[in-house]
Amino acid sequence: MAKPTARFVCQSCGAVAPKWQGRCDACGEWNTLTEEVAEIRAPGPAGKAAGGRRVEFVSLKGRAAPPPRTESGMAELDRVLGGGFVPGSVVLVGGDPGIGKSTILLQAAARIASAGRRVLYISGEEAIDQVRLRALRLGLSESPLGLAASTSLRDIAASLEEEKEATLVIIDSIQTVWLDSLDSAPGTVSQVRACAAELTRLAKTRGFAVVLVGHVTKEGTLAGPRVLEHMVDATLYFEGDRGHQFRILRAVKNRFGATDEIGVFEMTDRGLVEVANPSALFLAERRGNISGSAVFAGMEGTRPVLVEIQALLSPSASGGSPRRQVVGWDSGRLAMLMAVLESRCRVSLGQNDVYLNIAGGLRINEPAADLAVAAALVSAATDRPTDPGSVFFGEVGLSGEVRQVSQTDLRLREAAKLGFSAAMLPRRVARGGRAAAAHDGLRLSEIGHLVDLVAPLAAAPPARKEKDRDKERKEKPAAE
Ligand code: TYD
Ligand code: MG
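Being a predicted model, the structure only gives us computed values, none of them experimental.

Asker: Outline the nonpolar core, supporting the account with residue identities and numerical values.
Answerer: Residues Trp329 and Leu450 are the most contacted members of the largest nonpolar core, which totals 63 residues. Those residues in contact with Leu450 that lie beyond four places of it in its chain are Val340, Leu341, Cys345, Leu371, Ala374, Val396, Gly400 and Val402.

Asker: Please set out the packing of aromatic side chains residue by residue, giving values where relevant.
Answerer: Given two aromatic rings, one states the distance between the centres and the angle between the planes to describe the pair. Taken as a whole, this structure holds two aromatic pairs when the rule is applied. Relative to Phe265, the ring of Phe238 has its centre 6.2 Å away and its plane inclined at 75°; by these criteria the two rings are edge-to-face. Taken together, the residues span a long stretch of sequence, with Phe238 in strand β9 (residues 234-239) and Phe265 in strand β11 (residues 262-268) at a distance of 27 residues. When its relative accessible area of 3% is taken as the criterion, Phe238 is described as buried. A centroid spacing of 5.7 Å and a plane angle of 80° characterise the contact between Phe246 and Phe282, whose relative ring orientation is edge-to-face.

Asker: Any details on the pattern of salt bridges? Residues and values, ideally.
Answerer: Enumeration over the complete set of coordinates arrives at 16 salt bridges. Linking Arg303 and Glu76 is a salt bridge whose minimum nitrogen-to-oxygen distance equals 3.0 Å. Within this pair, whereas Arg303 is found in strand β14 (residues 303-315), its partner Glu76 is found in helix α1 (residues 75-81), the two being separated by 227 residues in sequence. Summarising the burial analysis for this pair, Arg303 and Glu76 share the class buried. Between Arg250 and Glu239 there is a salt bridge, and its shortest N-O distance comes to 3.3 Å. Note that Arg250 is positioned in strand β10 (residues 246-254) and Glu239 in strand β9, a separation of eleven residues in sequence. Taking relative accessible area as the criterion, Arg250 reaches 5% and is therefore assigned buried. Glu239 gets classed as partly exposed once you look at its relative accessible area, which sits at 24%.

Asker: Now, about the site of ligand 1: what can you tell me, with residues and values included?
Answerer: Residues in contact with ligand 1 amount to 16 residues; listed here are only the nearest, Gly98, Ser102, Thr103, Arg134 and Thr268. In the environment of ligand 1, an oxygen atom lies 2.6 Å from a nitrogen or oxygen atom belonging to the side chain of Thr103. Taking Asp269, its main chain carries an N or O atom lying 3.3 Å from an oxygen atom of ligand 1. Coverage of ligand 1 by the protein amounts to 75% of the 560 Å² it exposes when considered alone. Mapped by element, the contributors of at least two residues to the shell around ligand 1 are α2 (101-114), α3 (128-138) and β11. Within the shell around ligand 1, the residues separate by chemical class into four nonpolar, six polar and six charged.

Asker: Can you lay out the confidence of the model for the chain for me, pointing to particular residues and giving the numbers?
Answerer: Of all residues in the chain, 90% have pLDDT values of 70 or greater, and the mean over the chain is 86. Taken element by element, the chain is modelled with least confidence in helix α11 (residues 466-475), mean pLDDT 56, and with most confidence in strand β5 (residues 118-123), mean pLDDT 97. Under a pLDDT of 50 for its full length, residues 432-436 has, in the predicted model, five contacts with residues more than four places off or in other chains.

Asker: Which residues make up the UniProt feature "binding site: ATP" (unreviewed entry) in the chain, and what values go with them?
Answerer: Per the UniProt annotation, the sites labelled "binding site: ATP" (unreviewed entry) are Gly95, Asp96, Pro97, Gly98, Ile99, Gly100, Lys101 and Ser102. Its location among the elements puts Gly100 in the loop between β4 (90-95) and α2. We classify Gly100 as buried; its relative accessible area is 8%. Contacts of Gly100, omitting those with residues within four sequence positions, involve Phe238, Met267 and Leu272. Relative to the helices and strands, Lys101 resides in helix α2. Ignoring any residue separated from it by four or fewer positions in sequence, one finds Lys101 in contact with Val93, Gly94, Gly95, Asp96, Val213, Gly214, His215 and Phe238. Polar side-chain contacts of Lys101 include one of 2.9 Å to the backbone oxygen of Asp96.

Asker: Just give me the short version of the side chain of Thr235, but keep the residues and values in it.
Answerer: In this fold, Thr235 is placed in strand β9. Residue Thr235 is classed as buried on the basis of its relative accessible area of 0%. Thr235 has contacts with Leu92, Glu229, Arg250, Ala251, Val252 and Lys253, leaving out every residue within four places of it along the chain.

Asker: Describe in detail helix α5 (residues 189-206), supporting the description with residues and values.
Answerer: With 18 residues, α5 ought to run about 26 Å at 1.5 Å a step, and its terminal C-alpha atoms sit 25 Å apart, in line with that. The complete set of buried residues in α5 reads Val189, Ser190, Gln191, Val192, Cys195, Ala196, Leu199, Thr200, Leu202 and Ala203. Following α5 by one or two positions, Gly207 adopts a phi angle in the positive range, close to 80°.

Asker: Summarise the domain arrangement of the chain; cite the residues concerned and give the values.
Answerer: By a widespread convention, an interface's size corresponds to the accessible area lost as its parts come together. Domain assignment breaks the chain into domain 1 (4-40), domain 2 (75-276) and domain 3 (281-466). A C-alpha centroid distance of 43 Å is found between domain 1 and domain 3.

Calculation notes
Residues numbered from 1 in each chain as written. Chains lettered and ligands numbered in written order. Predicted model: local features only at pLDDT ≥ 70, side-chain atom pairs only at ≥ 80, totals over all residues. Heavy atoms only, no water. Core = buried A, V, L, I, M, F, W, Y, C linked by side-chain atoms within 4.5 Å. Buried < 20%, exposed > 50% of the residue type's maximum accessible area, 1.4 Å probe, protein only. Contact = heavy atoms within 4.5 Å. Phe/Tyr/Trp six-rings, centres within 6.5 Å; stacked < 30°, edge-to-face > 60°. Helix = DSSP H or I, 4+ residues; strand = E, 2+ residues; numbered from the N terminus. Salt bridge = Lys/Arg side-chain N within 4 Å of Asp/Glu carboxyl O. Near = heavy atom within 4 Å. Polar contact = N/O pair within 3.5 Å; in protein donor to acceptor, adjacent residues only side chain to side chain. Areas by Shrake-Rupley, 256 points an atom, 1.4 Å probe, with all protein chains shown as cover. Nonpolar A, V, L, I, M, F, W, Y, C, P; charged D, E, K, R; others polar. pLDDT = per-residue confidence, 0-100. UniProt positions renumbered as here; feature names shortened; annotations may be inferred. Expected span 1.5 Å × (residues − 1). Domains from an automatic or database assignment.

Okay, here's the thing in structure tokens:
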């Protein structure tokens, strides 16, 4: 017999607790537990007696065609998806409210519909008129897209069950749709999970791809997309700072493609525009001859991306422990790197507040950024600019040794393509210790230990003073 019991479910990670508590034991988030009524079914018997059928076992060898794909025509989106939407798959697109999820999906949906496929866009958040107005603004009104506004999953499922031709169905958002057979409110973990499970079933049986939009909220009032991650085939996060116009679509899970692949977009007044050359964009606002800046030759998935790393040191005003403020990088990693610089290279960062920023709003997870961050820090500490024509990459170990990273050639090629003339990189083992070779016209300085980076930087001429720069600017105002 089904027996309803009260339980408390974390709206952030989905963990279940028997009683209310302020903090979730599983994920450590505060105020995320809400009461949900769950039907606990007594587990019945399984097997032949309960009507089970034999499953068929086959050999690994056999026919296995790669999945056919529906390309969106937006190359950056297709790249992150691994080549386009796969029939029968479920993709979760998560991100902060207002970041541009509805915009990008409407753009992709309209394009696919214009290419002659049947695409359905079901909006639970916005009324038909609102979506139409957005389409008008984006210049997509002529697209033969099927649009509906509904939040009842019963109605949605009834309509989708009859769909024969649909290629792609977009549910915007999973937190607004709900099943009336469940007692919980829309947006709770039970609702979100049950609705996603039903939509997944429909996708698999009907053969269309489903995109679920999911909001991430810090307050945890709505069930975060994290509770859905294990149910879906691919999870993409749409990130970016609303102060910046760049938006980054990142695959964190993909059963049909590579993860850590990113797509870069720019939010304009006519919607999201693809950025084919992100390095140029991230470096566009770089100013030369300033201390505390270094260019990192990084990899995002299969693509090299150059970004500027900025460090600023200022005497700590508080008198207590100095501040460490990091945007776009791991603060634990910064602490480690500072300790290595101080104890292995005698660079004194002392009682300064340290600010570290990845310009352009990108988030970097690669350890390969260590060397560039170290260069920016040393440059800030010594007030000597790094060579503006040089890129940096390499992982730094605790003894200060600089370690190999992957994809050296791709990183160097990207640097050469963007007009850089030199690179500081780990010593390459395969080349038999042949230091300072050239590559694509780049001067290569192989760095074995962090001190090899610090010494030449400290000996470089100091940065121009802000005063001189202002004077220069006044003298030739139209220089830029
Ligand atoms: P939206 O797609 O509604 O965000 P989400 O679905 O993730 O909540 O995007 C909303 C923001 O995007 C809003 O602040 C306005 C901005 N925007 C533009 O700058 N240009 C445009 O052409 C559109 C449609 C939206
Ligand atoms: Mg939206």
